[in-house]
Amino acid sequence: MDGDFRSDFVRRPGALKQHPALVLNADYRPLSYYPLSLWSWQEAIKAAWLDRVDIVAEYDDFVHSPSTSIRMPSVVVLKDYVKPQKRVAFTRFNLFLRDEFRCQYCGAKGDLTFDHVVPRAAGGVTSWENVVAACSPCNLKKGSKSLRRAGMSLRRPPRQPGAEELRNTGRKFPPNLLHESWMDFLYWDAELEA
């Protein structure tokens, strides 16, 4: 074997990982915006081979087998509609997404934790209506005190978000990498410029 073949062979699998496929529901909307519904190119090709999806956009790159060459899928649409979940799970990620990744006391972004508005020591429960995203300095300042005693106020009162509301909030936080072939499917209901 010569060096070129070996180095190309070793580098190629890493390059192939960089071709995710955007997964759309049967109504041509992404299954989720945040995190964006993506499959690896392998999953997309397998789903197409099993006739579970239609390929609606492709990359310029090919995958080769001994008998076939297939263009790598960039956007796939499910053949069967997947009904979106109505209930939003109470998770740290969904809490931060509801609060738009900002401290609900000072508005800071970054190193977030969560805080009980009514402290657990005072009978506060861990629920959508009592937990907010907070930066470490605000969380330490408030401690186990009430908002009034700590001299703090909330930017927005905490509440349980609806599934559609959380999906729409997720659209405000696009991933770092958006392939040009995805744009028509991600923002199809955005207002058009005249």
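Residues numbered from 1 in each chain as written. Predicted model: local features only at pLDDT ≥ 70, side-chain atom pairs only at ≥ 80, totals over all residues. Heavy atoms only, no water.

A. How the structure looks around the overall build of the protein. A count of helices and strands for the protein gives 7 helices and 6 strands. Taken from the N to the C terminus, the helices and strands of the protein come in the order α-β-β-α-β-β-α-β-β-α-α-α-α. Residues classed as buried in the protein amount to 36% of the 194 residues present. (Helix = DSSP H or I, 4+ residues; strand = E, 2+ residues; numbered from the N terminus. Buried < 20%, exposed > 50% of the residue type's maximum accessible area, 1.4 Å probe, protein only.)

B. Seen up close, the side chain of Ser 74. By the secondary structure assignment, Ser 74 is in strand 4 (residues 69-78). The residues touching Ser 74, leaving out its near neighbours within four places in the chain, are Pro 20, Ala 21, Leu 22, Ala 57, Glu 58, Tyr 59, His 179, Ser 181 and Trp 182. (Contact = heavy atoms within 4.5 Å.)

C. Region of the structure containing the sheet that holds strand 2 (residues 38-39). As summarised here, the arrangement of the 4 strands in space is 2-1-4-3, forming an open sheet in which the pairing is mixed. Unpaired on one side and paired on the other, strand 2 and strand 3 (53-64) mark the two borders of the sheet. In this sheet, strand 4 lies alongside strand 3 in antiparallel orientation, the contact comprising 8 bridges. Paired with Phe 62 across the bridge in strand 4 is Arg 71. (Pairing = 2+ DSSP bridges.)

D. Geometry of the environment of Ser 74. By relative accessible area, which is 0% here, Ser 74 ends up buried. Residues Ser 74 and Trp 41, spaced 33 residues apart in sequence, show a C-alpha to C-alpha distance of 7.9 Å. Of the polar contacts made by the side chain of Ser 74, one reaches the side chain of Ser 181; its length is 2.3 Å. (Polar contact = N/O pair within 3.5 Å; in protein donor to acceptor, adjacent residues only side chain to side chain.)

E. Up close: the packing of aromatic side chains. Across all of its chains, the model carries 3 aromatic pairs by this definition. Here Phe 90 and Trp 128 contribute two aromatic rings whose centre-to-centre distance is 5.0 Å and whose plane-to-plane angle is 70 degrees, an arrangement assigned as edge-to-face. Note that Phe 90 is positioned in the loop between strand 4 and helix 3 (92-98) and Trp 128 in the loop between strand 5 (112-116) and strand 6 (131-135), a separation of 38 residues in sequence. Of the residues examined, Phe 90 reaches a relative accessible area of 33% and is grouped as partly exposed. (Phe/Tyr/Trp six-rings, centres within 6.5 Å; stacked < 30°, edge-to-face > 60°.)

F. Representation of the confidence of the model for the protein in the model. The predicted model of the protein averages 85 in pLDDT, with 85% of residues at 70 or higher. The element-level mean pLDDT for the protein is lowest in helix 1 (residues 3-16), coming to 44, with strand 6 highest at 96. Every residue in residues 1-13 is under pLDDT 50, and counting partners more than four places away or in other chains gives 2 contacts. (pLDDT = per-residue confidence, 0-100.)

G. Focus on unusual backbone geometry. Even without being a glycine, Asp 51 presents a positive backbone phi close to 60 degrees. As for its placement among the helices and strands, Asp 51 is situated in the loop between helix 2 (41-49) and strand 3. A positive phi angle is found at Phe 101, which is not glycine, with a value near 55 degrees. Here Phe 101 shows up in the loop between helix 3 and strand 5.

H. Structural view of the nonpolar core. If you look at the biggest cluster of nonpolar residues, it comprises 21 residues, and the most contacted ones within it are Phe 96, Cys 103, Tyr 105, Leu 112, Cys 138 and Met 152. Those elements that provide at least two residues to this core are helix 3, strand 6, helix 5 (147-150) and helix 6 (163-170). Looking at which element gives the most residues to this core, the answer is strand 6, with 5 residues. By size, the runner-up hydrophobic cluster in this structure holds 15 residues, among which are Tyr 33, Ala 57, Tyr 59 and Met 72. (Core = buried A, V, L, I, M, F, W, Y, C linked by side-chain atoms within 4.5 Å.)

I. Seen up close, the state of the cysteines. Under the defined criterion, the tally for this structure stands at 0 disulfides. The closest cysteine sulfur to the non-disulfide-bonded Cys 138 is located on Cys 135, 3.6 Å from its own sulfur. (Disulfide = S-S within 2.5 Å.)

J. Inspection of helix 6 at higher detail. Taken together, the buried positions of helix 6 are occupied by Ala 163, Leu 166, Thr 169 and Gly 170. End-on view of helix 6: buried residues confined to an arc of 125 degrees, all on one side of the axis. Looking at the buried side of helix 6, the elements it contacts are helix 3. (Arc of directions from axis to C-beta.)

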